[in-house]
Amino acid sequence: MSTNDSDTIAPETPAETVGTAAPAQNQNRKQPFPRGFLDTISTGWADRPEQTPPARTQAAYAAPRRDAVSAAFPGRRLVIPAGSFKQRSNDTDYPFRAHSAFSHLTGWASDAVPDSVLVFEPAGDSGHDVTLYLRERADRTTTEFYADATIGEFWIGPRPALAGVASDLGIHTSHLDAFEARDGDLVLDEDDELTRFVSELRLVKDDYEIAQLRLAVEVTARGFDDIVADLPRIIDTPRGERAVEGIFHHRARIEGNGEGYDTIAASGPHACYLHWTRNDGAVVPGDLILVDAGVEVDSLYTADITRTLPVSGTFTDVQRKVYETVREAADAAFAVAKPGVRFRAVHEAAMAVIARRTAEWGLLPVTADEALDADRGGQHRRYMVHGTSHHLGIDVHDCAQARREMYYDGLLEEGMVFTIEPGLYFQIDDLTVPEEYRGIGVRIEDDVLVTADGIENLSAGIPRTADEVEAWIARAAR
Ligand code: GLY
Ligand code: MN
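Treat the numbers as computed from the prediction; the structure is a model and nothing was measured.

Conventions we followed
- Residues numbered from 1 in each chain as written.
- Chains lettered and ligands numbered in written order.
- Predicted model: local features only at pLDDT ≥ 70, side-chain atom pairs only at ≥ 80, totals over all residues.
- Heavy atoms only, no water.
- Helix = DSSP H or I, 4+ residues; strand = E, 2+ residues; numbered from the N terminus.
- Buried < 20%, exposed > 50% of the residue type's maximum accessible area, 1.4 Å probe, protein only.
- Contact = heavy atoms within 4.5 Å.
- Lys, Arg positive; Asp, Glu negative; His and termini not counted.
- Charge placed at Lys NZ, Arg CZ, Asp CG, Glu CD.
- Near = heavy atom within 4 Å.
- Polar contact = N/O pair within 3.5 Å; in protein donor to acceptor, adjacent residues only side chain to side chain.
- Areas by Shrake-Rupley, 256 points an atom, 1.4 Å probe, with all protein chains shown as cover.
- Nonpolar A, V, L, I, M, F, W, Y, C, P; charged D, E, K, R; others polar.
- Phe/Tyr/Trp six-rings, centres within 6.5 Å; stacked < 30°, edge-to-face > 60°.
- Donors = N, O, S within 2.8 Å, 3.2 Å for Na, K, Ca; no water.
- Axes fitted to C-alpha atoms, helices over the stretch in contact; angles between N-to-C directions.
- Parallel < 35°, antiparallel > 145°, perpendicular 65-115°, else oblique.
- Core = buried A, V, L, I, M, F, W, Y, C linked by side-chain atoms within 4.5 Å.
- pLDDT = per-residue confidence, 0-100.
- Left-handed = near helix turned anticlockwise from the far one by under 90°.
- Expected span 1.5 Å × (residues − 1).
- Arc of directions from axis to C-beta.

### What to know about the overall build of the protein chain
Tallying secondary structure elements over the protein chain gives 14 helices and 17 strands in all. Principal axes of the C-alpha set define a box for the protein chain whose edges measure 80 × 60 × 40 Å. The buried share of the protein chain, reckoned over its 478 residues, is 50%. In the protein chain, of all internal contacts separated by at least 6 residues, the share reaching a separation of at least 24 is 69%. Here the protein chain holds 47 positive side-chain charges and 79 negative ones, and the gap between their average locations is 2 Å.

Rendered as structure tokens:
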């Protein structure tokens, strides 16, 4: 990827191809390579001995996942692409992020090479031969090496060698040029059955995944601590929401990580917009600020945590009432979650609290029982339109292609990881609520692991109750 703002790093085209290799509009700042450059660029480089590192930890976990896929699709050729760079604008791309199923089945995550393809080749009675096709580093005699701004080593850095990737991941590798698509291939994201299978394969996490999710939550907790510590400075920033986003990003990056999704930094009435990522508002004393953010670690597992903070350090009476009701809904969800219970029962437990409290406050045109009626009810959902929980893993909304009977109507199993994130949102212009409620949005989101007999709150270390949150802010101000 090149940038637009400096001719000095604009990609150049070899002299012999100028005028033919690229459309005319791409030629306006290109200079031909002089003969002397072409005669010397391919020589004078030291040998690069191939590294063959021992297999990474993930390799031992990815192998049985591939075995499960192989067993489910006997005799079929399966193609799992990593995906490619995605264009942001003109000749700039978003940072590459491999497809989650590809990463899950290879163990290749933040360092995966774009355009790689994992192929399961039917191999008679023995299942499949699995090959990972990747674009190996180019020989230094090629124009790709010095002239290709998208993939050339001079531009974006070296790629690993085939042997190195094979030993690192424990998968046979081959050059991408050797990959050919065939009629009858089942291709991920094109074939529903394959896409569903690999999504459902992630519903129950193994020990490696659970350890990675714990790590992601740990770093995320430090990001929230940073935001709380910086609240006084944030208030003084004209676009305080941007500062909140930046402080979280800084924590993710200084610990060497990324983020699993765009941070939601939603102050005051913005908190009522469920996925407010514009983050261009001020953070105003007296308001609440809702922060929904998650660090994604190298393996691509991500946390997904929300905390709602009183900007001035203490909740007003009405803010506290709303906050503690959301916590009560979350606690009700926590109380029912255990193996054998349906996923949707967790949501229903939270929604029963939301219905009961909003009815008590006189906000509903019906009773709580009527609001909870499956056919005629739902009046309370005006104030919480989203679900209480989603699976969490290598995607923030993990296992998204799983069947309903495995997901919303499925039974909880030990090793599942999901969020519990009820909320209450009273829009600034919602005439059905008294004025004092308007513009208050609260969500409390934790990440939980299903254990043998209940759940463990992986994010229990981040203050949750209204009292704990006030004490957290007070501590940080000292
Ligand atoms: N973290 C945003 C969401 O769960 O939708
Ligand atoms: Mn979430």
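Picking up where we left off.
### Quick look at the site of ligand 1
Neighbouring ligand 1 are the residues Tyr261, His275, Asp292, Asp304, His390, His397 and Glu421. Asp304 has a polar side-chain atom sitting 2.9 Å from a nitrogen atom of ligand 1. One of the side-chain nitrogen or oxygen atoms of His397 is found 2.9 Å away from an oxygen atom of ligand 1. For ligand 1, whose accessible area on its own is 200 Å², the fraction buried by protein is 90%. Considered class by class, the residues forming the shell around ligand 1 number one nonpolar, three polar and three charged.

### Describing the packing of aromatic side chains
In this structure the tally under the stated criterion is 19 aromatic pairs. Seen in terms of ring centroids, Phe102 and Trp108 are 6.4 Å apart; in terms of plane orientation they differ by 40 degrees. Their pairing is tilted. Residues Phe315 and Tyr323 carry aromatic rings whose centres are separated by 4.8 Å and whose planes lie at 45 degrees to one another, so their mutual orientation is tilted. The residues Phe315 and Tyr323 share a single accessibility class, namely buried. Among the aromatic residues, those joined into a cluster by ring pairs are Trp361, Tyr383, Phe426 and Tyr437.

### Things to note about the coordination of the manganese ion (ligand 2)
Protein-derived ligands of the manganese ion (ligand 2) are Asp304 (OD), His390 (NE2), Glu421 (OE) and Glu445 (OE), with the metal-ligand distances lying across 2.0 to 2.3 Å. Sequence positions of the residues that donate to the manganese ion (ligand 2) give the spacing D-x85-H-x30-E-x23-E. With Asp304 in the loop between β11 (295-296) and β12 (305-310) and Glu421 in the loop between β13 (417-420) and β14 (423-426), the pair connects residues that are 117 residues apart, well separated along the chain. Taking the relative accessible area as the measure of exposure, Asp304 reaches 3% and is therefore buried. Glu421 gets classed as buried once you look at its relative accessible area, which sits at 8%.

### With respect to the packing of helix α11 (residues 317-336) against helix α14 (residues 466-477)
The relative placement of two packed helices is expressed as an angle between their axes plus a distance between the axes. Remark: α11 packs on α14, axes separated minimally by 10 Å, with the N-to-C direction vectors making an angle of 120 degrees. Considering the angle they form, α11 stands oblique to α14. Between α11 and α14, the residues in contact are Arg320, Tyr323 and Glu324 and Ala466, Asp467, Val469 and Glu470, respectively.

### Comments concerning the environment of Ala211
Along the chain, Ala211 turns up in helix α8 (residues 207-229). What makes Ala211 partly exposed here is its relative accessible area of 40%.

### Points about the nonpolar core
Core analysis: the biggest nonpolar cluster contains 90 residues, and Phe418 and Phe426 have the highest contact counts within it. Looking at this core, the element that brings in the most residues is α8, giving nine residues. Residue contacts for Phe418: discarding those within four places in its chain leaves Ala337, Phe343, Val346, Ser389, His390, His391, Leu392, Leu412, Asp446, Asp447, Val448 and Val450. One finds Trp108, Ile171, Leu194 and Val198 within the second-largest nonpolar core, a separate group that totals 25 residues.

### Some words on the confidence of the model for the protein chain
Taken as a whole, the protein chain shows an average pLDDT of 94; of its residues, 95% reach a score of 70 or greater. Taken as a whole, residues 1-22 scores under 50 in pLDDT and shows 49 contacts with residues more than four places along the chain or in a different chain.

### A short note on the packing of α11 against helix α12 (residues 343-360)
Remark: α11 packs on α12, axes separated minimally by 8 Å, with the N-to-C direction vectors making an angle of 150 degrees. Accordingly, the angle class assigned to the pair α11 and α12 is roughly antiparallel. In this structure, the crossing between α11 and α12 has a hand that is right-handed. Across from Thr325, Glu328, Ala329, Ala332, Ala333 and Val336 in α11, the residues of α12 making contact are Ala345, Val346, Ala349, Ala350, Val353, Ile354, Arg356 and Arg357. Here the residues of the contact of α11 with α12 sort into ten nonpolar, one polar and three charged.

### Some thoughts on unusual backbone geometry
With a phi angle near 45 degrees, Asn90 is a residue other than glycine that sits in the positive phi range. One can find Asn90 in the loop between β2 (87-89) and β3 (92-93). Backbone geometry places Leu300, a non-glycine residue, at a positive phi of 85 degrees. Inspection of the secondary structure puts Leu300 in the loop between β11 and β12.

### Structural notes on α14
In this model, α14 (twelve residues) spans 17 Å end to end at C-alpha, consistent with the 16 Å of a helix rising 1.5 Å per residue. Residues of α14 that are buried: Ala466, Val469, Glu470, Trp472 and Ile473. The buried residues of α14 occupy one face: seen down the axis, they fall within an arc of 155 degrees. Packed against the buried residues of α14 are α8, α9 (231-235), β12 and α11.

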